[in-house]
Amino acid sequence: MWDSLLGAGTGAFALHAAKHCQKVYAVDVSATMLDYCRTKGETAGLRNIVYCHGGFLTYEHDAAPVDAIVSIFVLHHLPDFWKLVGLKRAAEMLKPDGRLFLCDIVFPSETANLEAEFDTWVTSIAKLSGPELAAEAETHIRDEYSTYDWVMARLLARAGFVIESAEYSGRFQATYVCAKSRP
Ligand SMILES: C[S@@+](CC[C@H](N)C(=O)[O-])C[C@H]1O[C@@H](n2cnc3c(N)ncnc32)[C@H](O)[C@@H]1O
């Protein structure tokens, strides 16, 4: 199995995936993150990770299409216009029967009082994980590009994916497993 990680970050999942896959492409726009990931992978003696400096919008996958693409807490870095471009590019990297596993902060459109939900979310993070992470959650709501659940569903469909499962948990966390739609 060949796996591609868009937004590999410090490599927690890349290292795990490398123990189960033939080859893993760890892709990240941040050279610093990628260096960190490479150091961890090399220290762990993993030789099947290819470290790629690039992102949803720039990474050129010059190898065979992959079985799976995993992206965890990354897509919110892109405004919706660019999310669609990035997701279409991801679909092109996948084998016809490949899967996209996508996890991110997504806002529920059915919630009557989203502002109150934001307050509860930030307060619960402060209690559980301290003020620094709570401040990060506030920054996320204010400055980043997490979008509504229905927008994500439409973007995935437009990019050529069929959502096989969608799970919403922890207030604003969404996890999608998607197949490529048949042409
Ligand atoms: C919140 S971290 C998550 C890292 C990792 N997926 C994890 O779950 O630990 C977001 C990562 O996405 C990367 N990133 C931001 N924009 C990106 C893009 N357009 N394409 C790929 N990676 C991106 C950042 O450099 C960072 O490493």
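Caption draft 1: Looking closely at the site of the ligand. Within the structure, the ligand sits among 14 residues, and Gly-7, Asp-28, Gly-55, Phe-56 and Ile-72 are positioned closest to it. Here Gly-7 contributes a backbone N or O atom positioned 2.8 Å from a nitrogen atom of the ligand. A distance of 3.0 Å is found between a nitrogen atom of the ligand and a backbone nitrogen or oxygen belonging to Phe-56. Considered on its own, the ligand offers 600 Å² of accessible surface; in the complex 75% of this is hidden by protein. A class-by-class count of the residues in the shell around the ligand yields eight nonpolar, five polar and one charged.

Caption draft 2: The arrangement of the sheet that holds strand E2 (residues 23-28) in detail. Within the open sheet, the seven strands sit side by side as E3-E2-E1-E4-E5-E7-E6. Their pairing is mixed. A single partner strand is all that each edge strand has here, and the edge strands are strand E3 (49-53) and strand E6 (161-169). Each neighbouring strand pair of the sheet contributes to a mean axis angle of 15°, computed without reference to strand direction. Sheet topology places E6 next to strand E7 (residues 173-180); eight bridges connect them, and they run antiparallel.

Caption draft 3: Geometry of the nonpolar core. Ranked by size, the top nonpolar core spans 28 residues in total, and within it Ile-69, Leu-87, Leu-100, Met-152, Leu-156, Phe-161 and Tyr-176 carry the most contacts. Of all the secondary structure elements, the ones that give two or more residues to this core are E2, strand E4 (66-72), helix H3 (80-93), strand E5 (94-105), helix H6 (149-158) and E7. Beyond its immediate chain neighbours, meaning those up to four positions away, Leu-87 contacts Phe-56, Leu-75, Leu-100, Leu-155, Leu-156, Ala-159 and Phe-161. One finds Ala-17, Ala-18, Ala-26 and Leu-34 within the second-largest nonpolar core, a separate group that totals 15 residues.

Caption draft 4: Local environment of unusual backbone geometry. In this structure, Phe-73 takes a positive phi of about 55° despite not being glycine. Position of Phe-73 relative to the elements: it lies in the loop between E4 and H3. Residue classification places Phe-73 among the partly exposed positions, given a relative accessible area of 33%. A positive phi angle is found at Arg-171, which is not glycine, with a value near 70°. Within the element layout of this structure, Arg-171 appears in the loop between E6 and E7. Using a relative accessible area of 39% as the deciding quantity, one classes Arg-171 as partly exposed.

Basis of the calculations
Residues numbered from 1 in each chain as written. Predicted model: local features only at pLDDT ≥ 70, side-chain atom pairs only at ≥ 80, totals over all residues. Heavy atoms only, no water. Near = heavy atom within 4 Å. Polar contact = N/O pair within 3.5 Å; in protein donor to acceptor, adjacent residues only side chain to side chain. Areas by Shrake-Rupley, 256 points an atom, 1.4 Å probe, with all protein chains shown as cover. Nonpolar A, V, L, I, M, F, W, Y, C, P; charged D, E, K, R; others polar. Pairing = 2+ DSSP bridges. Helix = DSSP H or I, 4+ residues; strand = E, 2+ residues; numbered from the N terminus. Axes fitted to C-alpha atoms, helices over the stretch in contact; angles between N-to-C directions. Core = buried A, V, L, I, M, F, W, Y, C linked by side-chain atoms within 4.5 Å. Buried < 20%, exposed > 50% of the residue type's maximum accessible area, 1.4 Å probe, protein only. Contact = heavy atoms within 4.5 Å.

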